[in-house]
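Inside the fold
What follows is the residue order along each chain.
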Amino acid sequence: MVMSADLGNSSGLDRFKATYPEKFLNIGIAEQNMIGVAAGLAKEGYNVFATSFAPFIAMRSSEQIRMNLGYMEMNVKAVAIGSGVVMAFLGNSHYGIEDAAVMRAIPNLTVVCPADCAEIVKAVYAAAAHKGPMYIRLTGGPNNPIVYSDEYEFTIGKAIKLREGNDLTFIAHGTMVYESLEAAKILETEGISAAVINMHTLKPIDTTAIDSALSFSKAIVTVEEHSIIGGLGAAVAEYTAKLSKRPPQLSLGLPDAFIDAAEYRFMLTREGLVAPKIAASVGSFLKEI
Amino acid sequence: MDLERISAAARFMRTKILEVSHQCNLSAHLGGGLSMVEVMAALYTGKMRLRPEDPRWEDRDRFILSKGHGVLGYFTALLAAGLITEEKFATFQTNESDLIAHPVMNLDLGVESSNGSLGHGLSMAIGIALAAKKKAKDFKTFVLLGDGECNEGSVWEAVLSAAQLRLDNLTAIVDYNKLQSDGDSRQILDLGDLAGKFSAFGWNVCEIDGHDITAVVTALEQKFDRTAPKVIIANTVKGKGISFMENNNEWHHNRLTKANYDLAMAELGPTSA
């Protein structure tokens, strides 16, 4: 079953609705009820994807997600469309800047944030096969830059190293995987060798991949289209903080602020979340440490 | 006969509510537990289709305690129906017990869902009832709400939704005892004409004395022409059956001392069940 809170068409679900009308339910503009109904359907054996825009599903109904998906572990996949700041001129009411922090804090919830459209397809298939509650955070839009042009294996909870490097490691998720790869190319021209890890699963976080990055990196750089509070940077730091020997970490992300709404790329550029700016931030950081 | 069995179960449940509340020596939600006894007895020892020896039976009727603090009226009904044992029941509010102050989902004990946060149960019940429709299953779904709980906006999202989905296999019961945690519901957030509200939202409505077992059973059996969910507005008395608890909100959540336990038990008299 796929459910929407009256955002089916703008979520790109019109084709699904037309093809499988009996498997689609627009519950109305009532996200809290949507999660509860999804849980009831899941309780009776249905595999339910409940969808809305990021703040509406993750925060309007966060307590419903806590009770039904977290506490009762109902097999519901909550899908957040348009997380991050891709909603551009729609403004902060529609941005997903805190959703990963909120969802990550709920016990039993798996949190996934795919890097490009191909990985979204893989993540959705993996989610359908996965028995248990999940939050799928979709950043960017239909024209996301391509990260994966070849077939690869996607496993929930297993990070993917996309680029080898000797000096530092980028750990990114969502749209920032592509930007990190591009930033690594820029750094290479400056004689800095950067590895890139796609940490598509934010929770449970792949500590083996982090360990491997820590073993050689002079710095860890986390990059995410999310507030610097509570997201990927925090998740990595929560794990590494207890280690006595670890490289310093640069956490790049959106500021702890309701930023001025503008065109999507314009905002990412202004907030330092495009490749040249990421590379520049890393360059300065390496000089400081 | 059904009515006699249900009456006996209701007397038994009240006795057990007092026993276990006294025994655990902790505060418990007595008032709202006592107000729902007849409704729960009618469901669990009368109208619900259950197999106590097979609690996960696929075709069982489902019950969701949306007013999750009503566990005293719930666990005693599970006890009366044979879904939990006396030994299990006696563990209420003790360390490592499955039975705490709010339901924790445990299908082997007949506890369908975890509750405690208000305004969740009706939505889940809708999902269950919708699943039954989709699978052409004939089990019914029941959900008990508190009147205070109906302050929650999510309840009204769900009320709209159940009517929209024409779920005539869903019955909601509102334990309308007119008191909530801080006092008189009419002074806090008045539900006013609750039956009229549900009716306006497209539900089939029965309004009854929730302590009249004949009325409860009749309402549960009542059929309507309109394909719509049913709500039973059960007018009840918080603390029903114990004079010093009735309509006295000090007993919303309180500890039952030995002296009060003896007084209350004397009022109930001997139980035959």
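Residues numbered from 1 in each chain as written. Chains lettered and ligands numbered in written order. Predicted model: local features only at pLDDT ≥ 70, side-chain atom pairs only at ≥ 80, totals over all residues. Heavy atoms only, no water.

**Quick look at the overall build of chain A**
Counting its regular elements, chain A contains 11 helices and 12 strands. Here the C-alpha atoms of chain A give a radius of gyration of 19 Å, agreeing with the 19 Å that 2.2 N^0.38 yields for 289 residues. If you line up chain A on its principal axes, its C-alpha atoms span 55 × 40 × 35 Å. A sequence separation of at least 24 residues applies to 76% of the contacts in chain A between residues at least 6 apart. With an accessible surface of roughly 11700 Å², chain A has 56% of that area assigned to carbon and sulfur atoms. Charged side chains of chain A number 24 positive and 30 negative; the gap between the two group centres comes to 4 Å. (Helix = DSSP H or I, 4+ residues; strand = E, 2+ residues; numbered from the N terminus. Rg over C-alpha atoms; globule rule 2.2 N^0.38 Å. Contact = heavy atoms within 4.5 Å. Areas by Shrake-Rupley, 256 points an atom, 1.4 Å probe, with all protein chains shown as cover. Lys, Arg positive; Asp, Glu negative; His and termini not counted. Charge placed at Lys NZ, Arg CZ, Asp CG, Glu CD.)

**Thoughts on the pairing of strand E12 (residues 249-254) of chain A**
Residue and element names in this part refer to chain A. Taken together, the five bridges between strand E11 (residues 219-227) and E12 define a ladder with parallel strand orientation. Within E12, the position partnered with valine 221 by the bridge is leucine 250. What joins E11 to E12 is helix H9 (residues 232-240), and the crossover it makes is right-handed. (Pairing = 2+ DSSP bridges. Right-handed = clockwise from strand over helix to strand, strands pointing away.)

**Some details on the interface of chain A and chain B**
Between chain A and chain B, the residue contacts involve 24 residues of the former and 28 residues of the latter. Summing both sides of the interface, chain A and chain B together bury roughly 2000 Å²; the carbon and sulfur share of this comes to 59%. Inspection of the chain A/chain B interface yields two salt bridges. Measuring nitrogen to oxygen at the nearest pair gives 2.6 Å for the salt bridge that ties B:Arg62 to A:Glu44. Looking at the side of chain A that touches chain B, the elements with two or more residues in it are helix H2 (31-43) and helix H4 (62-71) of chain A. Sorting elements by how many residues they give to the side of chain A that touches chain B places H2(A) first, with nine residues. Counted by class, the side of chain A that touches chain B contains 12 nonpolar, seven polar and five charged residues. (Buried area = accessible area lost by both parts, 1.4 Å probe. Salt bridge = Lys/Arg side-chain N within 4 Å of Asp/Glu carboxyl O. Nonpolar A, V, L, I, M, F, W, Y, C, P; charged D, E, K, R; others polar.)

**Concerning the sheet that holds strand E7 (residues 160-163) of chain A**
Residue and element names in this part refer to chain A. Here we have five strands laid out as an open sheet, ordered E7-E9-E8-E11-E12, and mixed in their pairing. Both edges of this open sheet fall to E7 and E12, since each of them pairs with a single strand only. On average, each strand axis in the sheet is tilted by 25 degrees relative to the strand beside it, whichever way the strands run. Bridge count between strand E8 (residues 168-172) and strand E9 (residues 194-198): five bridges; the pairing is parallel. Note that in E9 the partner of isoleucine 171 across the bridge is isoleucine 197. (Axes fitted to C-alpha atoms, helices over the stretch in contact; angles between N-to-C directions.)

**A closer look at the pattern of salt bridges**
Here the structure, examined in full by the defined rule, presents 26 salt bridges over all chains. In this structure, the salt-bridge partner of A:Lys161 is A:Glu164, at a minimum N-O distance of 3.2 Å. Since its relative accessible area comes to 34%, A:Lys161 is described here as partly exposed. Judged by relative accessible area, which is 60%, A:Glu164 ranks as exposed. Where B:Lys16 meets B:Glu86, a salt bridge forms, and the shortest distance between an N and an O atom there is 3.0 Å. Of this pair, B:Lys16 sits in helix H1 (residues 2-24) while B:Glu86 sits in helix H5 (residues 86-89); the two residues are 70 residues apart in sequence, bridging distant segments of the chain. A relative accessible area of 36% places B:Glu86 in the partly exposed class. When salt bridges that share partners are traced, they join A:Lys43, B:Arg60 and B:Glu112 into one network. (Buried < 20%, exposed > 50% of the residue type's maximum accessible area, 1.4 Å probe, protein only.)

**Section: the packing of aromatic side chains**
Taken as a whole and assessed by the stated rule, the structure comprises 12 aromatic pairs over all chains. Both rings, one in A:Tyr148 and one in A:Tyr152, keep their centres 3.7 Å apart while their planes meet at 10 degrees; by these two values the pair is stacked. Between B:Phe63 and B:Tyr74, the aromatic rings sit 5.3 Å apart at their centres with planes inclined by 50 degrees, giving tilted as the arrangement. Taken together, the positions of B:Phe63 in strand E1 (residues 62-65) and B:Tyr74 in helix H4 (residues 71-80) put the pair 11 residues apart, joining distant regions of the chain. An identical accessibility class is assigned to B:Phe63 and B:Tyr74; each is buried. In this structure, A:Lys23 is placed above the aromatic ring of A:Tyr20, and the distance from its NZ or CZ to the ring centre is 5.4 Å. One residue, A:Lys122, lies across the ring of A:Tyr152, its end atom 5.0 Å from the ring centre. (Phe/Tyr/Trp six-rings, centres within 6.5 Å; stacked < 30°, edge-to-face > 60°. Lys NZ or Arg CZ within 6 Å of the ring centre and 35° of its normal.)

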